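Summary of structural features
Below, each chain spelled out in residue letters.
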Amino acid sequence: GQQVMQIPQYQHVQEGEDFTTYCNSSTTLSNIQWYKQRPGGHPVFLIQLVKSGEVKKQKRLTFQFGEAKKNSSLHITATQTTDVGTYFCAGPSGAGSYQLTFGKGTKLSVIP
Amino acid sequence: EAGVAQSPRYKIIEKRQSVAFWCNPISGHATLYWYQQILGQGPKLLIQFQNNGVVDDSQLPKDRFSAERLKGVDSTLKIQPAKLEDSAVYLCASSPRLSGSVEPKNIQYFGAGTRLSVL
């Protein structure tokens, strides 16, 4: 079945440093979604990317979808303590599927 | 708009006991999902409902897990009997699942989850 892999599993950064997490799929994706889960919380939808090579920005967060639609990245500029949490990418489980396969996530810690 | 409601928030049981979780999705959301999230991992889909019908339950351990969504609104997930490895957070999510000419976004809205500890 489809696999979605994320690296790194953990990242500790000093407040103000940048952070990037990478997501790779074993298959081509029609779209990719990113979710954030705060400690003790539940996943919250951040963004969906659909087009090959698409780049979207949300304030300090930049999301990219690869040209081959098999990989994606999330980059946070100048991290803040409010960015702490686990970031998950998720892709459709199959062609035309409304189910999502989640990666294992990247847990971000920000040192004040 | 009210979010996805789940109860209870926490549950501690002994192995071989039974437990049930309840979920009320966002009003009007036709699609409902149950996920299992083990510590340090991403959510893993257990079952997907569309209205009151099961779309996919291929990853549901049917010898011990069951789920229903009788009236196409709220849903229950049951484990009987529980095992130690069932300790996890059980998340419910719903999706409006837009169709037709609009790009289906299948964005999922999660509830706060039920943290289950099996001793």
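Data block above holds the structure.
Residues numbered from 1 in each chain as written. Chains lettered and ligands numbered in written order. Predicted model: local features only at pLDDT ≥ 70, side-chain atom pairs only at ≥ 80, totals over all residues. Heavy atoms only, no water.

**With respect to the sheet that holds strand β6 (residues 55-58) of chain A**
Paired through backbone hydrogen bonds, the strands of a sheet run either parallel or antiparallel to each other. All names here are of chain A. Applicable threshold: DSSP bridges decide pairing: two strands pair if at least two such bridges lie between them. Put simply, DSSP marks the helices as runs of H or I at least four residues long and the strands as runs of E at least two long, and each gets a number from the N terminus on. Note on geometry: axes are lines fitted to C-alpha atoms, helical ones only across the stretch in contact, with angles between N-to-C directions running from 0 to 180 degrees.
Pairing is antiparallel in the open sheet, where five strands are placed in the order β1-β3-β8-β7-β6. At either margin of the open sheet sits one strand with a lone partner, and together these are β1 (4-7) and β6. Along the sheet, successive strands turn relative to each other by an average axial angle of 15°, direction set aside. Pairing between β6 and strand β7 (residues 61-65): four bridges, direction antiparallel. Its bridge partner being in β7, V55 is matched across the sheet by Q64.

**Notes on the state of the cysteines**
Condition: Disulfides are defined in this document as cysteine sulfur pairs within 2.5 Å. Think of it in three bands: residues with accessible area under 20% of the maximum for their type are buried, residues over 50% are exposed, and the middle band is partly exposed, with areas taken using a 1.4 Å probe on protein chains only.
Considering all chains together, one arrives at two disulfides over all chains under this definition. Between the sulfur atoms of C23 of chain A and its disulfide partner C89 of chain A the distance amounts to 2.0 Å. One disulfide, between C23 of chain A and C89 of chain A, carries an S-S torsion of 80° and so falls in the right-handed class. With a gap of 66 residues between them, C23 of chain A in strand β3 (residues 19-25) and C89 of chain A in strand β9 (residues 85-92) connect regions that are remote in the sequence. Under the relative-accessibility criterion, C89 of chain A is labelled buried at 0%. Two residues, C23 of chain B and C92 of chain B, share a disulfide whose sulfurs are 1.9 Å apart. Across the disulfide from C23 of chain B to C92 of chain B, rotation about the S-S bond amounts to roughly -65°, and the bridge is consequently left-handed.

**Details of the interface of chain B and chain A**
What counts is decided by this rule: Residue contacts follow a heavy-atom distance rule, with two residues in contact if any of their heavy atoms lie within 4.5 Å. Any carboxyl oxygen of Asp or Glu within 4 Å of a side-chain nitrogen of Lys or Arg constitutes a salt bridge here. Under this definition, polar contacts are N or O atom pairs within 3.5 Å; protein pairs additionally need one hydrogen-donor-capable and one acceptor-capable atom, and for neighbouring residues in sequence, both atoms have to be side-chain atoms. Charged means Asp, Glu, Lys or Arg here, nonpolar means Ala, Val, Leu, Ile, Met, Phe, Trp, Tyr, Cys or Pro, and polar covers whatever is left, Gly included.
With 24 residues of chain B at the interface, the matching set in chain A holds 19 residues. Here chain B and chain A share zero salt bridges between them. Inspection of the region where chain B meets chain A yields four residue pairs in polar contact (both at pLDDT 80 or more). Of all the secondary structure elements, the ones that give two or more residues to the side of chain B that touches chain A are β4 (31-37), β5 (44-50) and β6 (53-56) of chain B. Considered class by class, the residues forming the side of chain B that touches chain A number 11 nonpolar, eight polar and five charged.

**Section: the environment of S109 of chain A**
Positionally, S109 of chain A belongs in strand β11 (residues 106-111). S109 of chain A has contacts with Q11, H12, V13 and V84 of chain A, leaving out every residue within four places of it along the chain.

**Quick word on the pairing of strand β11 (residues 114-118) of chain B**
Residue and element names in this part refer to chain B. Only one face of β11 is buried, namely the one carrying T114, L116 and V118, since none of R115 and S117 on the opposite face is buried. Sheet topology note: the strand β2 (residues 10-13)/β11 ladder contains four bridges and is parallel. Within β11, the position partnered with K11 by the bridge is L116. Here three bridges tie strand β9 (residues 88-95) to β11, and the two strands are oriented antiparallel to one another. Bridge pairing links V89 to R115 in β11.

**A look at the nonpolar core**
Applied cut-off: Nine residue types can take part in a nonpolar core, namely buried Ala, Val, Leu, Ile, Met, Phe, Trp, Tyr and Cys, and a core is a set of them joined through side-chain atoms within 4.5 Å.
Counting 21 residues, the largest nonpolar core has F21, W34, L77, I79, Y90 and L116 of chain B as its most contacted members. Secondary-structure elements contributing two or more residues to this core are β3 (19-24), β4, β5, β8 (75-79), β9 and β11 of chain B. The contact partners of L116 of chain B, leaving out residues within four places of it in the chain, are K11, I13, V19, F21, I79, D86, S87, A88 and Y90 of chain B. The next biggest cluster of nonpolar side chains, apart from the first, holds 19 residues, and it includes L46, I47, F65 and Y87 of chain A.

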